[in-house]
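One letter stands for each residue in the lines below.
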Amino acid sequence: MESSQCAPSALKRLHFSNTALKKLPVDESEQPGSRTVPAACFSRIRALQPLVRPSFVALSQPALSLLGLSAQDVLTDPLAAEYLSGSRLLPGSEAAAHCYCGHQFGLFAGQLGDGAVMYLGEVESDTCGRWEIQVKGAGVTPYSRDGDGRKVLRSSIREFLCSEAMAALGIPSTRAASLVTSDLYVSRDPLNSGRRIRERCSVVLRLAPTFIRFGSFEIFLGRDEFSGLQGPSAGRHNIRAQLLDYVVETFYPHIQQAHSNRRDRNMAFFREVMMRTAKLVAQWQCVGFCHGVLNTDNMSILGLTLDYGPFGFMDRFDPEFVCNASDKRRRYSYQAQPSVCRWNLARLAEALGSELNAGEAGAILDEFMPTYETFYLCVMRKKLGLVRTEEAEDSELISDLLRVMYNTGADFTNTFRLLSRVPWPEEGDSERTTVGPMVDLILEHCASIEELKVANKPTMEDRELAMILSMAQTNPVMFGMVADRPDVAQQLELMGRLKDLLETDQDELKKKQFDEWIRWISRYRRRLARECDVTSDLSIIKKERLRVMNSSNPRVVLRNYIAQNAIQAAENGDFSEINRVLQVLEDPYSDPEPLYGPDACGGKEQKGRGLTVAYDGKPPASAQTICIT
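Residues numbered from 1 in each chain as written. Predicted model: local features only at pLDDT ≥ 70, side-chain atom pairs only at ≥ 80, totals over all residues. Heavy atoms only, no water.

K.L.:
Account for the overall build of the chain, with residues named and values stated.
P.N.:
Scanning the chain from N- to C-terminus turns up 22 helices and 16 strands. On C-alpha atoms alone, the chain measures out to a radius of gyration of 26 Å, which is about the 25 Å that the 2.2 N^0.38 rule sets for 629 residues. Its C-alpha atoms give the chain principal-axis dimensions of about 80 × 65 × 60 Å. Per-residue burial over the chain gives 54% buried out of 629 residues. A sequence separation of at least 24 residues applies to 71% of the contacts in the chain between residues at least 6 apart. A distance of 2 Å separates the average location of the 74 positive side-chain charges in the chain from that of its 81 negative side-chain charges. (Helix = DSSP H or I, 4+ residues; strand = E, 2+ residues; numbered from the N terminus. Rg over C-alpha atoms; globule rule 2.2 N^0.38 Å. Buried < 20%, exposed > 50% of the residue type's maximum accessible area, 1.4 Å probe, protein only. Contact = heavy atoms within 4.5 Å. Lys, Arg positive; Asp, Glu negative; His and termini not counted. Charge placed at Lys NZ, Arg CZ, Asp CG, Glu CD.)

In structure tokens, the structure reads:
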């Protein structure tokens, strides 16, 4: 019998099926460097590019469990950091990179592909199902273009933490099982300022049933009339059919089994992708999440949150919130995300071409916004504890809440969490006496007058704004036409709000904010009262309301300043903050002791902790200075 000392490690016992490489065309070329890859969905990676002295930064036990592994299994394997960074292949693993295209910021960009990601294979087991695993930051692939295929510690920490944070929030997401760093360095310009710095190469091990995306089907597109580019497999409809069959048969088996007619099957598949996408973006909106780069190559065919780059969770509620500092035209703002997802679905329909009935596909696209609004309203009702009845006026109640939050600069996450403390209406209540203390608590998480002045400063260039204002005096007719443009109307609204703020003071502002919140909460309490009829047990309804609200409104999300604190500590060699934040994010709805973390830019002095900031409190002023590109 083989001794336990010689038995293969848990990592080496993983069973790889690598079905995608068996069922889809693979580019077997040994040509080095970036290149156009026709007639293939994957390219083999012939030579690994090992990291120098790879070591673990963090592990996610929930994600490892999906592979049937424990953190102990990983930490006791002396080669684990090499295996999970793509520096060494596990038995049965096959290195490859996926070919896809994409519409980036509205324009077709041609071939893109896994420029910094390496597919390692698909792991299967009877207990855990099948999971594709890949490493992000493992080196050059045929799709790296002018890049080096590496990711740095900074961006890897953000991807690792947010993947697991989203999963813990109950939002569909790719997963991150491990984060490895190394003594290999690359040069980067993190702020696009022309100042380059040396940063450590790091790798995230990502998991998903598949990483196939909308852009995977765009490799078959012909020449685009605007960009002049085409997919590397333009016109190869036989491969498109092969890819579609693989996706439906493997990941939508219920649809495959329900339809004997191919066209009917494909329409059912497209409808399901539409539904999943609508539900996903509704969930994003309800936690204040902004993806930042919603290109078609970042849209999962399974309706998962995919590719965490310049993402951001809103602090102060602002429908125009843009988390990506590179998005100057605000294409991917928070409020634009639903319409952008519909636009991306239209591009997917175009890429599927004759596999769909064009008229039926158009009708399904027309269902997207109503479907999204249904999902959104369902989640928002839960966030407000409206679980017994549905009223037509609920949509207006939610819209008015968001308007008050915007007007008062309320923190998105904290405000929703606090609403569970709004007292249930009782007969004879005095609104101001009963609700006043609650409103004071909310106002602690609203913006000051100085913060609102900054937030309402017009974003249009001064010269362009001056020209429009001059037009109002010299050519009112032309001004009226220009002022109707949504972008100009928004700037004029900001100017009006800023003018009002300049004519008031903090005390006057606080009184106005207090009155706004009193009015909305009074209306909300009247709606709560209608949750209960004469036959209902009020105590049960109250308990249900609190349970639903506290399980729908997270206490903590991965705000940029929380991630930045962990990054700064890690770049100084301290990985403990990453693991502490991960632990907090894995249980976002709990209500334990106050959550404190280091604040590199100054904060409160806590005994034994130094300068700290409450991760579940109002973000520090330093949070507004963080720039993510």
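Right, picking up where we left off after that structure.
K.L.:
I'd like to hear about the packing of aromatic side chains, residue by residue, with values.
P.N.:
Enumeration according to the criterion identifies 16 aromatic pairs in this entry. Measuring from ring centre to ring centre gives 6.5 Å for Phe289 and Tyr308, while their planes differ by 65°; the resulting arrangement is edge-to-face. Of this pair, Phe289 sits in strand S12 (residues 289-290) while Tyr308 sits in the loop between S12 and strand S13 (312-313), and the two are 19 residues apart along the sequence. Where Tyr308 meets Phe311, the ring centres are 5.9 Å apart and the plane angle is 90°; that geometry is what we call edge-to-face. Tyr308 sits in the buried class, given a relative accessible area of 3%. Taking relative accessible area as the criterion, Phe311 reaches 1% and is therefore assigned buried. (Phe/Tyr/Trp six-rings, centres within 6.5 Å; stacked < 30°, edge-to-face > 60°.)

K.L.:
Quick rundown of the pairing of strand S10 (residues 175-188)? Include the residues and the values.
P.N.:
Along any regular strand, the residues point their side chains to alternate faces of the sheet. Burial within S10 is extensive, with ten of its 14 residues counted as buried. Where strand S3 (residues 55-59) and S10 come together, four bridges link them in antiparallel fashion. Each bridged residue has a counterpart across the sheet, and for Ser55 the counterpart in S10 is Thr181. Sheet analysis places S10 next to strand S11 (residues 197-208), joined by ten bridges and oriented antiparallel. Bridging across to S11, Arg175 finds its partner in Leu207. (Pairing = 2+ DSSP bridges.)

K.L.:
Give me a nonpolar patch on the surface: which residues, what numbers.
P.N.:
A cluster of nonpolar side chains, Val477, Met478 and Met481, forms an exposed patch at the surface whose accessible area comes to about 320 Å². Mapped onto the secondary structure, Met481 falls in helix H17 (residues 476-483). For Met481, a relative accessible area of 55% translates into the label exposed. (Patch = residues over 30% accessible without salt bridge, like charges linked within 9 Å, V, L, I, M, F, W, Y side chains within 5 Å. Areas by Shrake-Rupley, 256 points an atom, 1.4 Å probe, with all protein chains shown as cover. Salt bridge = Lys/Arg side-chain N within 4 Å of Asp/Glu carboxyl O.)

K.L.:
Go over unusual backbone geometry with me, naming the residues and quoting the values.
P.N.:
Although it is not a glycine, Asn18 adopts a positive phi angle of roughly 55°. For Asn18, the position within the fold is in the segment before helix H1 (19-23). Residue Asn18 is classed as buried on the basis of its relative accessible area, which comes to 2%. At Ala39, a position not held by glycine, the phi torsion is positive, near 55°. The residue Ala39 is located in the loop between strand S1 (26-27) and strand S2 (42-44) in this model.

K.L.:
Outline helix H11 (residues 368-383), listing residues and values.
P.N.:
In this model H11 runs 23 Å from its N-terminal to its C-terminal C-alpha over 16 residues, within 8% of the 22 Å that 1.5 Å per residue would give. Inspection of H11 places Phe368, Thr371, Tyr372, Tyr376, Leu377, Met380, Arg381 and Lys383 among the buried residues, and these make up the whole buried set. Those residues of H11 hidden inside the fold are in contact with helix H8 (262-287), helix H9 (337-352), helix H10 (358-366), helix H12 (394-408), helix H13 (412-418) and helix H20 (538-550). In the stretch just after H11, Gly385 is the one whose phi turns positive, near 75°. (Expected span 1.5 Å × (residues − 1).)

K.L.:
An account of the side chain of Gln134 is requested, with residue identities and associated values reported.
P.N.:
Assignment of secondary structure puts Gln134 in strand S8 (residues 129-136). Accessibility expressed as a relative area gives 1% for Gln134, which makes it buried. Separated by 3.4 Å, the side chains of Gln134 and Glu132 make a polar contact. One polar contact links Gln134 to Arg206, side chain to side chain, over a distance of 2.5 Å. The contact partners of Gln134, leaving out residues within four places of it in the chain, are Val117, Met118, Tyr119, Leu120, Val204, Leu205, Arg206 and Phe211. (Polar contact = N/O pair within 3.5 Å; in protein donor to acceptor, adjacent residues only side chain to side chain.)

K.L.:
Provide a residue-level description of the packing of helix H5 (residues 153-169) against helix H21 (residues 560-571), including the pertinent values.
P.N.:
Relative to each other, H5 and H21 sit at 130°, their axes nearing to 10 Å. When the axis of H5 is compared with that of H21, the two are oblique. Where H5 crosses over H21, the handedness of that crossing is right-handed. Contact residues: H5 offers Leu153, Arg154, Ile157, Arg158 and Leu161, while H21 offers Asn560, Ala563, Ala566, Ile567, Ala570 and Glu571. The residue inventory of the contact of H5 with H21, partitioned by class, reads seven nonpolar, one polar and three charged. (Axes fitted to C-alpha atoms, helices over the stretch in contact; angles between N-to-C directions. Parallel < 35°, antiparallel > 145°, perpendicular 65-115°, else oblique. Left-handed = near helix turned anticlockwise from the far one by under 90°. Nonpolar A, V, L, I, M, F, W, Y, C, P; charged D, E, K, R; others polar.)

K.L.:
Describe the pairing of S11, listing the residues and the values that go with them.
P.N.:
Among the twelve residues that make up S11, nine are buried, leaving the element largely enclosed by the rest of the structure. Across five bridges, the pairing between S8 and S11 is antiparallel. Bridge pairing in S11 links Ile133 to Leu207.

K.L.:
Run through helix H19 (residues 506-529), naming residues and quoting values.
P.N.:
In this model H19 runs 34 Å from its N-terminal to its C-terminal C-alpha over 24 residues, within 8% of the 34 Å that 1.5 Å per residue would give. The N-cap residue of H19 is Asp505: its side-chain oxygen and the backbone nitrogen of Asp507 are 3.3 Å apart.

K.L.:
Lay out the nonpolar core in plain terms, naming residues and giving numbers.
P.N.:
Formed by 175 residues in total, the largest nonpolar core has its most connected members in Trp517 and Leu558. In terms of residue count, the dominant contributor to this core is H8 (13 residues). Sequence-distant contacts of Leu558, defined by excluding residues within four places in its chain, comprise Arg158, Leu161, Cys162, Ala165, Phe311, Phe313, Ala563, Val581 and Leu585. Core analysis: the second largest hydrophobic core is formed by six residues, Met460, Leu465, Val482 and Val488 among them. (Core = buried A, V, L, I, M, F, W, Y, C linked by side-chain atoms within 4.5 Å.)

K.L.:
Describe the environment of Gly235, with residues and values.
P.N.:
Position of Gly235 relative to the elements: it lies in the loop between S11 and helix H6 (237-251). Taking the relative accessible area as the measure of exposure, Gly235 reaches 47% and is therefore partly exposed. Residues Gly235 and Ala39 lie 196 residues apart in sequence; the distance between their C-alpha atoms is 9.8 Å.

K.L.:
I'd like to hear about the pattern of salt bridges, residue by residue, with values.
P.N.:
Overall, the coordinates contain 48 salt bridges when judged by the stated rule. Here Glu390 ties to Arg381 by a salt bridge, and the two come within 3.7 Å at their closest N and O atoms. For the salt bridge of Arg523 with Glu396, the shortest nitrogen-to-oxygen distance reads 3.7 Å. Within this pair, whereas Arg523 is found in helix H19, its partner Glu396 is found in helix H12, the two being separated by 127 residues in sequence. Members of the salt-bridge network, linked through shared partners, are Arg381, Glu390, Glu391, Asp394, Arg527, Arg530 and Glu531.

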